Amino acid sequence: MTTMTTASRRPGRGGRERILAAAAGLFAAQGINATGMEQIAERAPVSKRTLYAHFRAKDELVLAHLKDLSSTGRTLEGVLAREDLPAKERILALFDPPPTGTDPVRGCPFIDAAAEFPDPQNAVHSYAREQKLLMVRLVTDLVAQLGCREPAVLAEQLVTLADGAASRAMVLGESDYGRHARTAAEILLESALPTTI
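Treat the numbers as computed from the prediction; the structure is a model and nothing was measured.

## Quick notes on the overall build of the protein chain
Piece 1. Helix and strand counts for the protein chain come out as ten helices and zero strands.
Piece 2. What you see in the protein chain, going N to C, is helices and strands ordered as α-α-α-α-α-α-α-α-α-α.
Piece 3. Looking at the protein chain residue by residue over its 197 residues, the buried ones come to 39%.
Piece 4. In the protein chain, the share of contacts with a sequence separation of at least 24, taken over all contacts with a separation of at least 6, comes to 67%.

## Focus on the pattern of salt bridges
Piece 1. If you walk through the whole model with that rule in mind, you get ten salt bridges.
Piece 2. In this structure, Arg-179 and Asp-176 form a salt bridge, with 3.2 Å as the shortest nitrogen-oxygen distance.
Piece 3. Judged by its relative accessible area of 41%, Arg-179 is partly exposed.
Piece 4. Measuring nitrogen to oxygen at the nearest pair gives 3.4 Å for the salt bridge that ties Glu-186 to Arg-182. Placement of the pair is Glu-186 and Arg-182 together in helix H10 (residues 178-192), with a separation of four residues, close to one helical turn.
Piece 5. Among the charged side chains, a salt-bridge network with shared partners connects Glu-77, Lys-132 and Asp-163.

## Overview of the packing of aromatic side chains
Geometrically, a pair of aromatic rings is defined through the distance of the ring centres and the angle of the planes.
Piece 1. Throughout the structure, instances matching the rule amount to one aromatic pair.
Piece 2. Judged by centre distance (6.2 Å) and plane angle (65 degrees), the rings of Phe-110 and Tyr-127 are edge-to-face. Of this pair, Phe-110 sits in helix H7 (residues 109-116) while Tyr-127 sits in helix H8 (residues 123-145); the two residues are 17 residues apart in sequence, bridging distant segments of the chain.
Piece 3. Under the relative-accessibility criterion, Phe-110 is labelled buried at 0%.

## Considerations on unusual backbone geometry
Piece 1. With an omega dihedral of -25 degrees, the bond running from Ala-44 to Pro-45 counts as a cis peptide bond.
Piece 2. On the secondary structure map, Pro-45 appears in the loop between helix H3 (37-43) and helix H4 (48-54).
Piece 3. Notably, Glu-150 is not glycine yet its phi reads approximately 45 degrees, a positive angle.
Piece 4. With respect to the helices, strands and loops of the structure, Glu-150 is situated in the loop between H8 and helix H9 (151-172).

Rules and cut-offs
- Residues numbered from 1 in each chain as written.
- Predicted model: local features only at pLDDT ≥ 70, side-chain atom pairs only at ≥ 80, totals over all residues.
- Heavy atoms only, no water.
- Helix = DSSP H or I, 4+ residues; strand = E, 2+ residues; numbered from the N terminus.
- Buried < 20%, exposed > 50% of the residue type's maximum accessible area, 1.4 Å probe, protein only.
- Contact = heavy atoms within 4.5 Å.
- Salt bridge = Lys/Arg side-chain N within 4 Å of Asp/Glu carboxyl O.
- Phe/Tyr/Trp six-rings, centres within 6.5 Å; stacked < 30°, edge-to-face > 60°.

Everything listed here is a matter of coordinates, which is why it stays silent on function.
If you want it as structure tokens, here you go:
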């Protein structure tokens, strides 16, 4: 019988990244609750011991997955922070289809996660709520930069359009569904922009 050294009991180098990548793919393909921890370990590939050394529970893994999406800008909110685009283009980019060759059309990962973790006190649900509130703050700042009237109200209208379009794109399996909401967003922005004489 062999004994494990302290070093061999530590989570393997790169194991966390492989776990997060495996979870992201599986969550996108089949949803969070339909994905088991064993599936994730197999896809990573890591042992279950390594998986649980990094993430003690599935909630912890889901939260890390959402934070990873946020930090890498792979969400609707990510485009709002792009300083290479003017304010109006950042807002309208919320309605652009995802790049070709990406995961299946799953809508907003924060809305998906909140739906699968409905308890408002759950850490996953709380984080999803924080991100959706951040989204409206970012859009409020952008429309204020444009000089739009009532920026907070307009921002709520725009994020509601973006979230609704993302949800319908997922249900209908149409990655470019946002084009319909983009037209409405352009009209909202145009009517809220200050008029010059």
